[in-house]
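Spelled out from the first residue to the last, the chains are:
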Amino acid sequence: VTMKAIQKTDCTYKIEVEGCAKEYPDIKLRWSRFPLIRDWLQECEACTGPVLITDVRDTFFQDDPFGVGAPIVEGLQVFEENPIQTTMHWLIDVPVKACKGISIDKPMLCSGSTIGTRDAMIKYLERMYEEMKAWISEPKCRMFKGNGDDQSIHNYLYYTGQFPYA
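The structure reproduced in this document is the subject of the present report. This is a predicted model, so every value here is computed, not measured. (Residues numbered from 1 in each chain as written. Predicted model: local features only at pLDDT ≥ 70, side-chain atom pairs only at ≥ 80, totals over all residues. Heavy atoms only, no water.)

**Describing the environment of Ile 15**
Our working definition: Numbering of helices and strands starts at the N terminus; helices are DSSP runs of H or I of at least 4 residues and strands are runs of E of at least 2. Should any heavy atoms of two residues lie within 4.5 Å, those residues are considered in contact.
Considering the arrangement of structural elements, one finds Ile 15 in the loop between strand E1 (8–9) and strand E2 (20–21). Distance in space between the C-alpha atoms of Ile 15 and Ile 136 is 9.6 Å, their sequence separation being 121 residues. In this view, Ile 15 contacts Lys 28, Ile 136 and Arg 142; residues no more than four positions away in its chain are not counted.

**A word on the sheet that holds strand E3 (residues 51–54)**
Quick reminder of the rule: Note: two strands are recorded as paired if DSSP finds a minimum of 2 bridges between them. Here an angle of 0 to 180 degrees is reported between the N-to-C directions of two axes, which are lines fitted to C-alpha atoms, with helices fitted over the stretch in contact.
Spatial ordering of the open sheet is given by E3-E5-E4, a layout of three strands whose pairing is antiparallel. Two strands close off the open sheet at either side, each with one partner strand: E3 and strand E4 (76–80). Strand-to-strand twist across the sheet, computed as the mean angle between neighbouring axes with direction ignored, equals 25°. Across the sheet, helix H4 (residues 149–159) lies against E4 and strand E5 (109–116), angled at about 65° from E5, the strand it touches most.

**Focus: the packing of helix H3 (residues 118–137) against H4**
Two quantities define a packed helix pair, namely the angle between the axes and the distance from one axis to the other. As a reminder of what qualifies: Any angle from 65 to 115 degrees is called roughly perpendicular, while one under 35 is roughly parallel, one over 145 is roughly antiparallel, and all others are oblique. Left-handed describes a crossing whose near helix is turned anticlockwise from the far helix through less than a right angle; right-handed describes the clockwise counterpart. Under the scheme applied, nonpolar residues are Ala, Val, Leu, Ile, Met, Phe, Trp, Tyr, Cys and Pro; charged residues are Asp, Glu, Lys and Arg; polar residues are all the others, including Gly.
The contact between H3 and H4 brings their axes to 10 Å, and the two run at 115°. For the element pair H3 / H4, the angle class is roughly perpendicular. For the crossing formed where H3 meets H4, the hand is right-handed. Judged by residue contacts, Tyr 124, Arg 127, Met 128, Glu 131, Met 132 and Trp 135 of H3 engage Asp 150, Ser 152, Ile 153, His 154, Tyr 156 and Leu 157 from H4. The class makeup of the residues in the contact of H3 with H4 is seven nonpolar, two polar and three charged.

So, to be careful, I would describe these as geometric facts and stop short of saying anything about function.
Below, the structure is given as structure tokens:
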């Protein structure tokens with residue numbers, strides 16, 4: 001594991017009090033993990049195996065996720081939240097309806113835990129960044145200032161078929 005420090009700068013869109021990542025001032029600081037991880041993966045020639053990205057608060061390892069007996073990772077794999085959570089929950093429905101004008105009634109997926117092959121993960125991270133730039137550039141899409149709107153984007157992209165490698 002290589003630790004990476006994130007330098008901050010002023011944001012292009014004035015919605016983040018704490019600033020934005022220097023490399024990506026055009027998106028929210030908490031969203032910048034997506035293109036930053038993509039960049040770090042592309043820089044790492046030795047990183048050829050499966051990739052697991054997680055939020056610290058979502059993770060408790062009981063064993064090595066890539067160790068002996070672990071399932072083979074193919075393509076991109078996304079994970080559902082608790083079965084009682086659906087995309088009709090305000091965390092997904094309000095931002096997606098405001099931004100894209102649609103409601104999706106499906107199981108809620110967690111953007112904080114995603115696994116995939118290196119290639120699939122780079123494609124996923126790039127697609128997330130592209131959509132984040134689209135959302136942040138539209139005033140009707142940047143209305144959501146709390147945590148979790150990356151999950152709105154993740155669910156929107158998945159359920160509208162924009163992750164064909166998943």
